[in-house]
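A structural walkthrough
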Amino acid sequence: MPIMEKRIRKFLPVEGNIRLVSITEKQYDDMRILVGSKTIKEAAFGTERLIIILKITVTKYSEKIEFELAKVTQLCGQNIRRKQFVINSLIKYFSNEKYTESEEQYRDNVYIDNEQVGRNYFKVIRISNIEDILKLIKVGKATLLSQYIKDRLAAFDCENHLSHIENIRSNEKLNSACTLKNGLYEDFEE
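Now for a quick tour of the structure. (Residues numbered from 1 in each chain as written. Predicted model: local features only at pLDDT ≥ 70, side-chain atom pairs only at ≥ 80, totals over all residues. Heavy atoms only, no water.)

Attention shifts here to the overall build of the chain. Regarding its fold elements, the chain presents seven helices and five strands. Taken from the N to the C terminus, the helices and strands of the chain come in the order α-α-α-β-β-α-β-α-α-α-β-β. The buried share of the chain, taken over its 190 residues, is 17%. Of all intrachain contacts in the chain linking residues separated by at least 6 positions in sequence, the fraction that spans at least 24 positions is 40%. Element-wise, carbon and sulfur atoms account for 55% of the exposed surface of the chain, whose accessible area totals about 16,100 Å². (Helix = DSSP H or I, 4+ residues; strand = E, 2+ residues; numbered from the N terminus. Buried < 20%, exposed > 50% of the residue type's maximum accessible area, 1.4 Å probe, protein only. Contact = heavy atoms within 4.5 Å. Areas by Shrake-Rupley, 256 points an atom, 1.4 Å probe, with all protein chains shown as cover.)

Next comes the structure, spelled out in structure tokens:
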């Protein structure tokens, strides 16, 4: 059972008829619009609507370190060793790299809502300084910016945008083809 479904089940009413349909972001993005068009906001920023905050647990032997995880999470505090352990655990777990002998302490120690998830569940990006940000926004084969551009181009609906432009141009032609006489529009005559 998916994690989100388990979280939702905790808050279900005793009676009623509650149904759940799950679709992926890709399926939602591939939804076809039959009437109308995407709003300017959707076209500019995408269609992602749901922000889910998860409870992450990282274990270090018998100690449990818990925190809420949102889209962007900043780990603060003075216990640098503890922060480094959490950060290294997350990075190693979700990197899909093999564990070395010295990294055994990080193996299988990440839980989301008290369940272990697959190592492909998240992509973790570590930003420690301005240079890390600059590396991510450079245009190159494997940079974050390149991936963003690829995703935006894949989601771009050229036919829809061209149709919208054509509708605007048609309306402009119609408006310019009408003449105003005595306060009323008269049809254009060829």
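The residue S89 is located in helix α4 (residues 80-95) in this model. With near-sequence residues (within four places) excluded, S89 lies in contact with V58, Y106, N109 and V110.

Here the focus is the pattern of salt bridges. Inspection of every chain in the model, using the stated rule, returns six salt bridges. Ionic pairing is found between E63 and R82, a salt bridge with its closest N-O pair at 3.1 Å. Linking E63 in strand β2 (residues 63-69) with R82 in helix α4, this pair joins segments that are 19 residues apart in sequence. The partly exposed category is assigned to R82, whose relative accessible area is 35%. (Salt bridge = Lys/Arg side-chain N within 4 Å of Asp/Glu carboxyl O.)

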